[in-house]
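Analysis of the macromolecular model
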Amino acid sequence: MTAELDPRPEALPQRVWDSVQRDQLPPVDDRDRMRLVMNNLVLHIHPSKVSKPTLRFTYTWGLGGLSLLLIAILAGTGVLLMFAYTPSPDQAYSDMLALQSTVWYGQLLRNLHHWSGNLLVVVTFLHLLRVFFTGGFRTPREFNWVLGVAMLLLVVAANFTGYLLPWDQLAYWAVTVGSSLMSYVPLVGEPLRNFLLGGPEVSGATLTNFYGLHVAIIPLTLLGIASFHIWRVRKDTLSIPHNVDGSLPEPNTKVTTVPHLVSREFVFALVMTGLILMWSVWVNAPLEEAANPDHSPNPAKAAWYFMGLQELLLHFHPTFGAIVIPVLALVALALIPYQRFDLSAEGIWFRSRRGRQMAVVAVIAGLVLTPALVLLDEYWLDLPELLPSLPTIIANGWVPLAALLLGLLGFYEIMRRAFRATACETRQSLFILLVVGFVVLTVIGVAFRGEGMALMWPWEVLS
Amino acid sequence: MWKKAIVAVLVLTIAAAVVVAVIDNLPSASAADQPVAEATAVPTATGNRFGAGGQAAGQAAGQHGQDNQGSGAAVQQELNQSVDNVGEAWSAAVTVAELGDVGMHVTLEDGTPLYIELGPSFFWQEQGTLEPGDIVTVDGFYNGDQYHAASITKADGTLLALRSETGQPLWSGGASNAGGAQHGDQANGGTGEVQVAPEDWVTLDATVLTVNRNGLTIESADGETLALSFGKASFWQEQAVQFAAGDAVTIQGFWQDGQFQTGQVTKVATGERILLRDPNGRPLWGGPGRQGGNGGQGGHSAPVTG
């Protein structure tokens, strides 16, 4: 019997390292680089080679990756925060004070978590816009778009449930106002709200419910859908960016993911982490006085990402403002990729040169028309008074919605004819008009509503 | 095809709304034909403060007052010609003729009889007394069927508060009983649930130590210092009772979860009072959204004002 030589290295540390990292580092050739991606759990979310044009930063702006980075920061800081927090009305607020004053880096930790959470809402929304404007949802990626919409809603839900946890006045009343929107859902709204809140109003049971949702149920769901989403991106490959004339910005050659893509992602993640860290060092997350159910602030506003909805409620009957319009908008959003799409526009920002011109017009229209309609309704048009014989749900719900839909159809026809545009380009301009309208409503709600939700002029806001 | 059908529905909706608006806002032929009632007999409109929300509140209150219109009905019919809009605010100096369970018969300065709905008598009787022959100033609104009092000021300055400025009955527990405040600028608060049993109300005699935006800090007769938070600041501040350090006050309220919930505060020297909660302990500053028709949101949660 002859002894067979053990092929492993002589040195024990090297043996240990080789058992962890099987591939050679650094890789010496493309074959090594591709193997590194394929054999690595994290890097495997990428293909081993990517099309060179897709590396262009201004095509994706790194928004999908930034969302993942923010989720990672949120998970890390969230777990640490759990060590210093008790979800009880008696304890929660004092825990926040202790976190900010006695826990080492507690304030920074909370700031990081707070600002990352808010930024995630913005970034996922921008990611959705990016995918829309570059036609990234075209076949076979339709369902991945729907998953993206679902994740945006989950991110908002995560943010909303986290909003309550500090148990301060801001949290208590924002959640009170936000959850009350649910009551407008016919039949199931009130029971659903009571189920979510653990009773008819925000209380200790609500805190327990929201905590469970915030730290377990929503993150796990988000993780599951995000994994599926990324897997689909990987399977469907990235859409290739094109210049506005349809040409490729550079030769469509494939390069290895390591280092071309990974190095870019790494630098971008470092820069963004640095920026978030700096912001969190300088700007503290808000914490008001302890929650007082008997003293509502005036005005009592929902969280900022619900202010567009709250503003809608000021102009429409609640059933329409809180239910019909948002549901219509969400359904329309989910169905976008199932509309006919001009395949030649894929990968071109705003579809075409004409599409870009139309986008500018739509933005201007949204910026002008939305405040104009708000002012019209605020100061001149009082539909329930004008139509006293009709039920309010008709006079202040169906009638203004019908007028709005007619206006949107009119806008669609005018844009199509004025620009002799394709349906794809015209739909894009309509989408832009609605998005700008929603953003303007949110800004009005956040910045231009004062006591009693009265509309304030800019000079009143500044004074 | 279905696109055209949708457009047709939308166009028809707008066309129908325009027709209804024209019909609804045509001046009444009968009103145009009849002479305007004696101007001096008409309560003075003081502005459209109550709006359509007042209608809803009026309807709620009307349940109490339907059978008490009596001779006032004829006068109301006459007054219809001079009060253009339902829910229009008005005020008048009147002499109390007869008190009922939910309202009172009065005479205007020129002798015209009128019936005014006051809501349940237990509520206003807690605030003061009314006797036949009293000369009082009534602030309220007219909703097309009936006159409703929002507040009654007696000759000695005593104020009986019956409704909020949006027309919401103060006895009804805030949002849970209001149909909507068209111009309701009350923000939030109010809960539809009973907060306290009648026997749990307590009365404190106290001295004001400090006045702040949220309420008062007081020292009770037994030397205890309490910081009282009065809920929505604008709600109690609009009741225009000025407190100052050193004022003797009587406070009615109840203890809940270790906190004292203030129901009303009376300034001993002047008898002025602010009302914060109804007899069930429910905050009075709660209110529904402006669109009406969906009252009863209650809780601390009415999100929309306008």
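Further up the page is the structure itself.
Residues numbered from 1 in each chain as written. Chains lettered and ligands numbered in written order. Predicted model: local features only at pLDDT ≥ 70, side-chain atom pairs only at ≥ 80, totals over all residues. Heavy atoms only, no water.

Regarding its fold elements, chain A presents 18 helices and 2 strands. Of all 463 residues assigned to chain A, the portion counted as buried reaches 46%. Of the contacts formed within chain A by residues at least 6 apart in sequence, a portion of 77% connects residues at least 24 apart. Roughly 23200 Å² of accessible area belongs to chain A as shown, and the carbon and sulfur atoms make up 70% of that amount. (Helix = DSSP H or I, 4+ residues; strand = E, 2+ residues; numbered from the N terminus. Buried < 20%, exposed > 50% of the residue type's maximum accessible area, 1.4 Å probe, protein only. Contact = heavy atoms within 4.5 Å. Areas by Shrake-Rupley, 256 points an atom, 1.4 Å probe, with all protein chains shown as cover.)

Residues and elements named next belong to chain A. Counted by the stated rule, this structure contains 11 salt bridges over all chains. For Arg33, the salt bridge is made with Asp30, and the minimal N-O distance between the two is 2.5 Å. Taken together, the residues Arg33 and Asp30, both in helix α2 (residues 30-38) and 3 residues apart, mark about one turn of the helix. Residue classification places Arg33 among the partly exposed positions, given a relative accessible area of 22%. Look at Asp30 and you get partly exposed, because its relative accessible area is 37%. (Salt bridge = Lys/Arg side-chain N within 4 Å of Asp/Glu carboxyl O.)

Right, let's talk about the packing of helix α7 (residues 142-164) of chain A against helix α13 (residues 318-335) of chain A for a bit. Residue and element names in this part refer to chain A. Look at α7 against α13: their axes get within 8 Å of each other, and the N-to-C directions meet at 145 degrees. Counted together, Trp145, Val146, Val149 and Leu153 of α7 and Leu330, Leu333 and Ala334 of α13 form the full contact between these two elements. The class makeup of the residues in the contact of α7 with α13 is 7 nonpolar, no polar and no charged. (Axes fitted to C-alpha atoms, helices over the stretch in contact; angles between N-to-C directions. Nonpolar A, V, L, I, M, F, W, Y, C, P; charged D, E, K, R; others polar.)

For A:Ser239, the location among the structural elements is in the loop between α10 (204-236) and β2 (254-256). Within the local environment of A:Ser239, its side chain forms a polar contact with the side chain of A:Tyr59, the two groups lying 2.6 Å apart. (Polar contact = N/O pair within 3.5 Å; in protein donor to acceptor, adjacent residues only side chain to side chain.)

Once that is clear, we can look at the packing of helix α4 (residues 63-82) of chain A against helix α11 (residues 257-282) of chain A. Residue and element names in this part refer to chain A. Running from N to C, α4 and α11 cross one another at 50 degrees; their axes reach a closest spacing of 11 Å. In this view, α4 runs oblique relative to α11, as classed from their interaxial angle. The crossing of α4 and α11 is right-handed. Contact with α4, carried on its side by Leu66, Leu69, Leu70 and Ile73, involves Phe268, Ala269, Met272, Thr273 and Ile276 of α11 and no other residues of that element. In the contact of α4 with α11, the residues fall into 8 nonpolar, 1 polar and no charged. (Parallel < 35°, antiparallel > 145°, perpendicular 65-115°, else oblique. Left-handed = near helix turned anticlockwise from the far one by under 90°.)

Residue and element names in this part refer to chain A. A surface patch of nonpolar side chains, about 930 Å² in accessible area, is lined by Phe266, Val267, Leu270, Val271, Leu275, Leu277, Met278, Val281 and Trp282. Among the secondary structure elements, Leu277 is positioned in helix α11. You can call Leu277 partly exposed: its relative accessible area is 38%. (Patch = residues over 30% accessible without salt bridge, like charges linked within 9 Å, V, L, I, M, F, W, Y side chains within 5 Å.)

Grouped together as the largest cluster of nonpolar side chains are 101 residues, with contacts concentrated most on A:Leu128, A:Trp145, A:Trp167, A:Tyr305 and A:Phe431. Setting aside residues up to four positions removed in sequence, A:Phe431 forms contacts with A:Leu128, A:Leu129, A:Phe132, A:Phe133, A:Leu333 and A:Ile336. If you look at the next biggest cluster of nonpolar residues, it comprises 44 residues, including B:Leu114, B:Leu204, B:Ile218 and B:Ala233. (Core = buried A, V, L, I, M, F, W, Y, C linked by side-chain atoms within 4.5 Å.)

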